[in-house]
Amino acid sequence: MGKRKQSKLSQVKENVKSNLVESLELPMDIMYGSVIITAMGRNQVLVENYKGIIEYTQEKIRLQTKTCQVTIQGKRLLVEYYTNEEMKITGYIQGIIYGT
């Protein structure tokens with residue numbers, strides 16, 4: 001199959017998926033595996049739908065998600081707990097950066 005046909009086919013699949021999500025009013029994170037980040041003040045972040053930890057220091061925690069990388073920057077950062085679905089990061093949170 002040529003690149004053009006593959007591209008068109010993947011675009012059609014994405015449109016069908018998008019229409020299905022909208023018409024059934026499904027949460028986007030379920031269908032697309034989107035990362036969910038909940039910041040609770042400046043001292044706590046809950047991350048859902050991550051794939052793995054790429055970098056872990058007291059100043060930076062970089063995570064791989066299905067669609068991008070997410071970096072939590074701060075001071076005295078600590079992964080308080082993690083499961084296959086979620087992770088709790090505590091410390092002084094200075095920023096959350098989305099990358100490719």
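See above for the structure.
Scoring rules and cut-offs
- In this convention, every chain numbers its residues from 1, walking through the sequence in written order.
- The predicted origin of the model limits local features to residues at a pLDDT of at least 70 and limits the giving and counting of side-chain atom pairs to 80 or more, whereas totals for whole chains, interfaces and linings rest on all residues.
- Hydrogens and waters are ignored; side-chain quantities use all the structure's heavy atoms.
- Secondary structure elements are taken from DSSP: a helix is a run of H or I of four residues or more, a strand is a run of E of two residues or more, and numbering for both begins at the N terminus.
- Only protein chains enter the accessibility calculation, which uses a 1.4 Å probe. A residue is then buried if its area is under 20% of the maximum for its type, exposed if over 50%, and partly exposed in between.
- In what follows, a contact means two residues having at least one pair of non-hydrogen atoms within 4.5 Å.
- To be clear on the numbers: accessible area is Shrake-Rupley with a 1.4 Å probe, and residue cover counts the displayed protein chains and nothing else.
- By definition, two strands form a pair when at least two bridges between them are found by DSSP.
- Lines fitted to C-alpha atoms define the axes, with helix axes restricted to the stretch in contact, and inter-axis angles between N-to-C directions lie between 0 and 180 degrees.
- The term nonpolar core refers to a set of buried residues drawn from Ala, Val, Leu, Ile, Met, Phe, Trp, Tyr and Cys, joined through side-chain atoms within 4.5 Å.
- Polar contact criterion, stated in full: a pair of N or O atoms within 3.5 Å, where within protein one must be able to donate a hydrogen and the other to accept it, and residues adjacent in sequence count only if both atoms are side-chain atoms.
- Residues form patches when they are more than 30% accessible in relative terms and have no salt bridge. Like charges link within 9 Å. Nonpolar side chains (Val, Leu, Ile, Met, Phe, Trp, Tyr) link within 5 Å.
- Salt bridges are defined by distance alone: a side-chain nitrogen of Lys or Arg within 4 Å of a carboxyl oxygen of Asp or Glu.

1. A closer look at the overall build of the chain
Along the chain, the regular secondary structure elements total two helices and six strands. Counting from the amino terminus, helix and strand elements in the chain follow one another as α-α-β-β-β-β-β-β. Taking all 100 residues of the chain together, the buried fraction comes to 26%. Counting only contacts in the chain whose residues sit at least 6 apart along the sequence, the fraction spanning at least 24 positions is 37%. Accessible surface for the chain amounts to roughly 7100 Å². Of this, 51% is attributable to carbon and sulfur atoms.

2. So, the sheet that holds strand E2 (residues 44–48)
In sheet architecture, strand pairing relies on hydrogen bonds along the backbone and comes in two forms, parallel and antiparallel. Within the open sheet, the six strands sit side by side as E1-E2-E6-E5-E4-E3. Their pairing is antiparallel. Looking at which strands have only one partner, the edges of the open sheet turn out to be strand E1 (36–40) and strand E3 (50–56). Along the sheet, successive strands turn relative to each other by an average axial angle of 40°, direction set aside.

3. Points about the nonpolar core
As a rule of thumb, soluble globular proteins bury nonpolar side chains together. Membership of the largest hydrophobic core comes to 14 residues, with the highest contact counts inside it found for Val47, Ile72 and Ile89. Where this core is concerned, the elements lending two or more residues are E2, strand E4 (60–65), strand E5 (69–82) and strand E6 (86–99). Ranked by residue count, the leading element in this core is E5, at four residues.

4. Description of the pairing of E1
Where E1 lies against E2, five bridges are found, and the strand directions are antiparallel. By the bridge assignment for E2, Met40 is matched with Gln44.

5. Quick notes on the side chain of Thr65
Examined against the element boundaries, Thr65 turns out to sit in strand E4. Polar side-chain contacts of Thr65 include one of 2.7 Å to the backbone oxygen of Cys68. In contact with Thr65, not counting residues within four places along its chain, are Val35, Asn49, Tyr50, Lys51 and Val70.

6. A look at the environment of Met87
Considering the arrangement of structural elements, one finds Met87 in strand E6. Put simply, Met87 and Val47 are 40 residues apart on the chain and 5.2 Å apart in space, counted from C-alpha to C-alpha. Once residues within four sequence positions are removed from consideration, Met87 is found in contact with Val45, Leu46, Val47, Tyr50, Ile53, Leu63, Val79, Tyr81 and Tyr82.

7. As for a nonpolar patch on the surface
A contiguous nonpolar surface patch, about 270 Å² in accessible area, is contributed by Ile53, Tyr56 and Leu78. Locating Ile53 in the fold gives a position in strand E3. Ile53 sits in the partly exposed class, given a relative accessible area of 38%.

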